[in-house]
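# Residue-level structure breakdown
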Amino acid sequence: MNGPFPGIAGLDTYALVDGGCRVEVLPSRGALVSRMCVDGDELLYLDEATVADPAKNVRGGIPVLFPNAGPLPGDTYSVDRQQYTLPQHGFARKLPWKVRQADTSRLVVELSSNEETLRHFPWRFDARLTFSLAGQRLTLESAFENRDTRPMPLHLGFHPYFRVPDAAKAQAGVDTDATRAWDNWRKQDVNVTGLNLTEEEVDLHLKDHSKPGTTLERGPGLKPIRLSWSPEYRVLVVWTLRGKDFVCVEPWTAAKGALATGEGLPHVQPGTRTSLRFDIQG
């Protein structure tokens, strides 16, 4: 299902449709989910100018974070005494993904290692993302195959920008039982007694959110968004900026910097494949 993306020329858009729900994906722009509309309600925020300019990181939609979620100290990490560099959130969100299957409610895209990725992430891999739409639920299933001879770290995350009007943030909220977080804006550990989404910047990495999911309340007149994910996603990040109409609710498999520290980092064994799910219910 190809069609032009409204206002953004030159990008192939794949559309998934089920009843009153429509999802749009841009495989050539990092397999970005650029739109999710449920009965006329646009669930995602998107800065279209950042999509149109390939030199910019996209702000909006649902970027894929791999092979690292968040920044690395000095953008570097070491493997077998050799140093490698990776930018914040990795390279998957910047590379084109190949379309393997497409129909009205399902899209499968693939990203495989190559000479360029191996310069920054020294593992041979095959990654497949399957986008499935059923009613008002979008499922993002990630399958990572380790084609190398060593266990491969899997620092994966998603960075959905959910549309929350800035004026509604005082009445918006993210359901969590977390009590501890890294405040990435203030660069300090903090106790969590509630989330105030009206601050100048909220960038909280919740360390002990125990549920494999959450609910985002978006304020008066907007339906909540219910999220669920595989238990391998162990860190929940909440990010927003004052003056911007979004709240990001991001499941990550490990804390920022995990490629360098190894802390809580899951691995895919050689010759095996690991699959994870992330569901968004509008």
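Calculation rules
- Residues numbered from 1 in each chain as written.
- Predicted model: local features only at pLDDT ≥ 70, side-chain atom pairs only at ≥ 80, totals over all residues.
- Heavy atoms only, no water.
- Helix = DSSP H or I, 4+ residues; strand = E, 2+ residues; numbered from the N terminus.
- Buried < 20%, exposed > 50% of the residue type's maximum accessible area, 1.4 Å probe, protein only.
- Contact = heavy atoms within 4.5 Å.
- Areas by Shrake-Rupley, 256 points an atom, 1.4 Å probe, with all protein chains shown as cover.
- Lys, Arg positive; Asp, Glu negative; His and termini not counted.
- Charge placed at Lys NZ, Arg CZ, Asp CG, Glu CD.
- Pairing = 2+ DSSP bridges.
- Salt bridge = Lys/Arg side-chain N within 4 Å of Asp/Glu carboxyl O.
- pLDDT = per-residue confidence, 0-100.
- Disulfide = S-S within 2.5 Å.
- Phe/Tyr/Trp six-rings, centres within 6.5 Å; stacked < 30°, edge-to-face > 60°.
- Lys NZ or Arg CZ within 6 Å of the ring centre and 35° of its normal.
- Polar contact = N/O pair within 3.5 Å; in protein donor to acceptor, adjacent residues only side chain to side chain.

## Considerations on the overall build of the protein chain
A tally of regular secondary structure across the protein chain gives three helices and 25 strands. Summarising its shape, the C-alpha atoms of the protein chain cover approximately 55 × 45 × 30 Å along the three principal directions. Looking at the protein chain as a whole, 53% of its 282 residues qualify as buried. Taking the intrachain contacts of the protein chain between residues at least 6 apart in sequence as the baseline, contacts between residues at least 24 apart amount to 62%. Carbon together with sulfur atoms contributes 46% to the accessible area of the protein chain, which is approximately 12200 Å² in total. Looking at charge distribution, the protein chain has the averaged site of its 33 positive side-chain charges lying 2 Å from that of its 35 negative ones.

## So, the sheet that holds strand 9 (residues 98-102)
Taken in spatial order, the eight strands line up as 9-10-11-12-25-21-20-16 in an open sheet, and their pairing is antiparallel. Because the sheet does not close on itself, it has two edges, and the strands there are strand 9 and strand 16 (173-174). Across seven bridges, strand 10 (residues 106-112) lies against strand 11 (residues 125-134) in antiparallel orientation. Bridge pairing in strand 11 links Leu107 to Phe131.

## Points about unusual backbone geometry
In this structure, Pro67 follows Phe66 across a cis peptide bond, with omega equal to 5°. Here Pro67 shows up in the loop between strand 6 (64-65) and strand 7 (76-79). With phi around 55°, Ala31 is a residue other than glycine that occupies positive phi space. Judged by relative accessible area, Ala31 falls into the buried class, the value being 0%. If you check the backbone angles, Arg81 has positive phi at about 70° while not being a glycine. Within the element layout of this structure, Arg81 appears in the loop between strand 7 and strand 8 (82-85).

## Some details on the pattern of salt bridges
Per the counting criterion, the structure on display carries 20 salt bridges. For Asp166, the salt bridge identified is with Lys169, shortest N-O distance 3.2 Å. Looking at Asp166, the relative accessible area reads 26%, which means it is partly exposed. A network of salt bridges, in which partner residues are shared, links Arg100, Glu110, Asp126, Arg128, Glu145, Arg147 and Arg273.

## Re the confidence of the model for the protein chain
Fine structural detail should not be taken from predicted coordinates in areas where pLDDT scores are low. For the protein chain, mean pLDDT is 94; residues scoring 70 or higher make up 97% of the total. Segment residues 1-5: pLDDT under 50, and 18 contacts once partners within four positions in sequence are set aside and those in other chains are kept.

## Topic: the state of the cysteines
A disulfide bridge is the covalent bond that connects two cysteines by way of their sulfur atoms. For the structure on display, the rule yields zero disulfides. With no disulfide of its own, Cys37 lies 7.6 Å from the sulfur of Cys21, the closest cysteine sulfur. When its relative accessible area of 9% is taken as the criterion, Cys37 is described as buried.

## Some points on the packing of aromatic side chains
Counted according to the given criterion, the structure contains 15 aromatic pairs. Where Tyr45 meets Phe246, the ring centres are 5.1 Å apart and the plane angle is 55°; that geometry is what we call tilted. Taken together, the residues Tyr45 in the loop between strand 5 (41-42) and helix 1 (48-52) and Phe246 in strand 23 (residues 246-252) connect sequence positions 201 residues apart. A ring pair is formed by Phe66 and Phe144, whose centres lie 4.6 Å apart and whose planes are at 45°; its orientation type is tilted. Of this pair, Phe66 sits in the loop between strand 6 and strand 7 while Phe144 sits in strand 12 (residues 137-146), and the two are 78 residues apart along the sequence. Residue Phe144 is classed as buried on the basis of its relative accessible area of 2%. Pairwise contacts between aromatic rings join Phe66, Phe91, Phe121, Trp123, Phe125 and Phe144 into one cluster. In this structure, Arg150 packs its charged tip against the face of Trp123, placed 5.0 Å from the ring centre.

## What to know about the side chain of Glu110
With respect to the element layout, Glu110 can be found in strand 10. Here Arg128 takes part through its side chain, which lies 3.2 Å from a polar atom of the side chain of Glu110. Glu110 has contacts with Trp97, Lys98, Arg100, Asp126, Ala127 and Arg128, leaving out every residue within four places of it along the chain.

## With respect to the pairing of strand 7
Across the two faces of strand 7 the burial differs, with Tyr77 and Val79 buried and Thr76 and Ser78 not buried at all. Bridge count between strand 7 and strand 8: four bridges; the pairing is antiparallel. The residue bridging Tyr77 from the neighbouring strand is Tyr84, located in strand 8.

## Here we look at the pairing of strand 4 (residues 32-38)
With respect to burial, strand 4 is a largely interior element, six of its seven residues being buried. In the sheet, strand 3 (residues 21-26) pairs with strand 4 via six bridges, with the strands oriented antiparallel. In the strand pairing of strand 4, Val25 is matched with Val33. Pairing of strand 4 with strand 5 involves two bridges; the strand directions are antiparallel. Counted as the bridge partner of Val38 is Asp41 from strand 5. In this antiparallel pair of consecutive strands, strand 4 and strand 5, the connection spans two residues, and Asp39 shows a positive phi of 50°.

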